[in-house]
Amino acid sequence: MALDFQNTQIAFASKRSNDLRQSALLFRLMASPKLVALSQQLTRFAFWLHLPVNGLIKSTVFKQFCGGESVTSSIPAARVLWQQGIGAILDYSVEGQESETAFEASANTIMETIQLAAVEEGVPLSVFKMTGLASADLLCKISSQEALNAKETQQWQAVKERVNRITQLAEDLDVPLMVDAEESWIQDAIDQLVHEAMKAHNQNKVIIMNTIQCYRMGRVEYLKQALEQATQDGIHYGVKLVRGAYMEKERERAKSMGYPSPIQPDKAGSDKEFNDCTQVMLDAIGTAMEPGKAALVIASHNESSNAMGVQSLEDRGWKPGQAPVWFAQLYGMSDHLSFNLAAAHHPVVKYLPFGPVKKVMPYLFRRAEENTSIKGQTGRELRLIQQELRRRSIDKS
Ligand SMILES: Cc1cc2nc3c(=O)[nH]c(=O)nc-3n(C[C@H](O)[C@H](O)[C@H](O)COP(=O)(O)OP(=O)(O)OC[C@H]3O[C@@H](n4cnc5c(N)ncnc54)[C@H](O)[C@@H]3O)c2cc1C
């Protein structure tokens, strides 16, 4: 089937008209930056007062962007996606934890997601964030090569032990595992841990995958070096390519601390870096006749990036679904890409965030902010939902 990202009939086939109307209302509300800022304040205040707002959040913004409050309660949402050939990646979206007990609990939940992926056909990959297992301060110290005190040395050992436990389980159960990228000042420590895990578990195939944020300067060179290193180590290399989620925070920190911003000067710079990294990875993946030792996740809501990925695979002689390349979007967003790619037999996965309502609020606030009219995503989502609702009403009449 020819790929048409504007085909809303395919994009929203699994959604009832009532669900679409609710989503349209939500995206309309999120279009206002003032309303989004006000809702954030009110929600924080309501939680602080212990007001019973869980139900309201669960039936609105949580329902749009999350699968459930636990691994088990997220399975139905994953199965609905799988009916249309879309895989789910259960993403434990609890952020900003600081205690060793919380890190241990996160490690156990991440292992639960890997165990689910091993048995649930519609859950082909898994993922975790290093800040779920380690404090950002510690990751920052390691990244800036600061000396650790005795307590921090012990904490770092515990982080490594958690990462080993998780990555070993991924290898034992044969579940590819991605590690998300975070702020640049903690990323060196994350890269270091991921590199060690790749050396341990990617001997025969890609199990561990890192993430590269293409809004950072010099990522093409970084990727080429990582591929070179993997060749020297005799291992397979896997990466998820994203543009990057922390642009404002990165620029503000660089400005306030007086160092050059690590972020591309403009959107066109990030787009070029993303496209160039994609081509470098596709070269490493090779052709259908001569496959390499690499795997790629193209994680983007950008239509051109996804279209370019599809075209480049075709140019290299790959039939849809043959190459070790996944296309990835977030649950509740860009269904026009996910469902149309899947209908054209490309491997598609969606992050399915989960966690207790109160604890996933930072994730939900980020989605809401990303969807304000200023950031542009809302226009796209809303227009497509409205297009589909109009199509359905014409079909009925
Ligand atoms: C499945 C999945 C996994 C993800 N995992 C991660 C992750 O591990 N780490 C992470 O940081 N993010 C992650 N993201 C988020 C991602 O980095 C982007 O923030 C988001 O996807 C928007 O980029 P885009 O390619 O979809 O679309 P687009 O709308 O084309 O691009 C928007 C992005 O372009 C960049 N940009 C915008 N304006 C400028 C400017 N003026 N100058 C320079 N750059 C600019 C920013 O990165 C912005 O987010 C993930 C996204 C998906 C879909």
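These figures come from a predicted structure and were not determined experimentally. (Residues numbered from 1 in each chain as written. Predicted model: local features only at pLDDT ≥ 70, side-chain atom pairs only at ≥ 80, totals over all residues. Heavy atoms only, no water.)

**Student:** Mind laying out the site of the ligand, listing which residues take part and the relevant values?
**Tutor:** Neighbouring the ligand are 26 residues, the closest being Arg243, Gly244, Ser270, His301 and Asn302. Interatomic distance of 2.9 Å between a backbone N/O atom of alanine 181 and a nitrogen atom of the ligand. Contact between the ligand and aspartate 266: a nitrogen atom at 3.4 Å from a main-chain N or O atom of the residue. Contact with the protein chains removes 86% of the 930 Å² of surface that the ligand exposes when unbound. Of all the secondary-structure elements, those providing two or more residues to the shell around the ligand are β4 (208–213), β5 (237–242), α12 (247–257), α13 (267–285) and β7 (325–330). Per-element accounting of the shell around the ligand gives the leading share, three residues, to β7. Looking at the shell around the ligand residue by residue, the class counts come to 10 nonpolar, nine polar and seven charged. (Near = heavy atom within 4 Å. Polar contact = N/O pair within 3.5 Å; in protein donor to acceptor, adjacent residues only side chain to side chain. Areas by Shrake-Rupley, 256 points an atom, 1.4 Å probe, with all protein chains shown as cover. Helix = DSSP H or I, 4+ residues; strand = E, 2+ residues; numbered from the N terminus. Nonpolar A, V, L, I, M, F, W, Y, C, P; charged D, E, K, R; others polar.)

**Student:** Kindly report on the sheet that holds β4, identifying the contributing residues and their values.
**Tutor:** Taken in spatial order, the eight strands of this open sheet run β1-β8-β7-β6-β5-β4-β3-β2, and their pairing is parallel. Edge positions in the sheet fall to β1 (86–92) and β2 (126–128), since each of these pairs with one other strand and no more. Strand-to-strand twist of the sheet, defined as the mean angle between neighbouring strand axes without regard to direction, takes the value 30°. The pairing of β1 with strand β8 (residues 348–354) spans seven bridges and is parallel. Paired with glycine 87 across the strands is valine 349, a residue of β8. With respect to the sheet, helix α10 (residues 184–201) is in contact with β3 (177–179), β4 and β5, its orientation differing from that of β4 by roughly 150°. (Pairing = 2+ DSSP bridges. Axes fitted to C-alpha atoms, helices over the stretch in contact; angles between N-to-C directions. Contact = heavy atoms within 4.5 Å.)

**Student:** Describe helix α7 (residues 100–119), listing the residues and the values that go with them.
**Tutor:** Look at α7: 29 Å from first C-alpha to last across 20 residues, which is about the 28 Å you get at 1.5 Å a residue. Looking only at α7, the buried set comprises Ala102, Phe103, Ser106, Ala107, Thr109, Ile110, Met111, Thr113, Ile114, Leu116 and Ala117. Tucked inside the fold, the buried residues of α7 contact α6 (71–83), β1, β2, α9 (150–172), β3 and β8. (Expected span 1.5 Å × (residues − 1). Buried < 20%, exposed > 50% of the residue type's maximum accessible area, 1.4 Å probe, protein only.)

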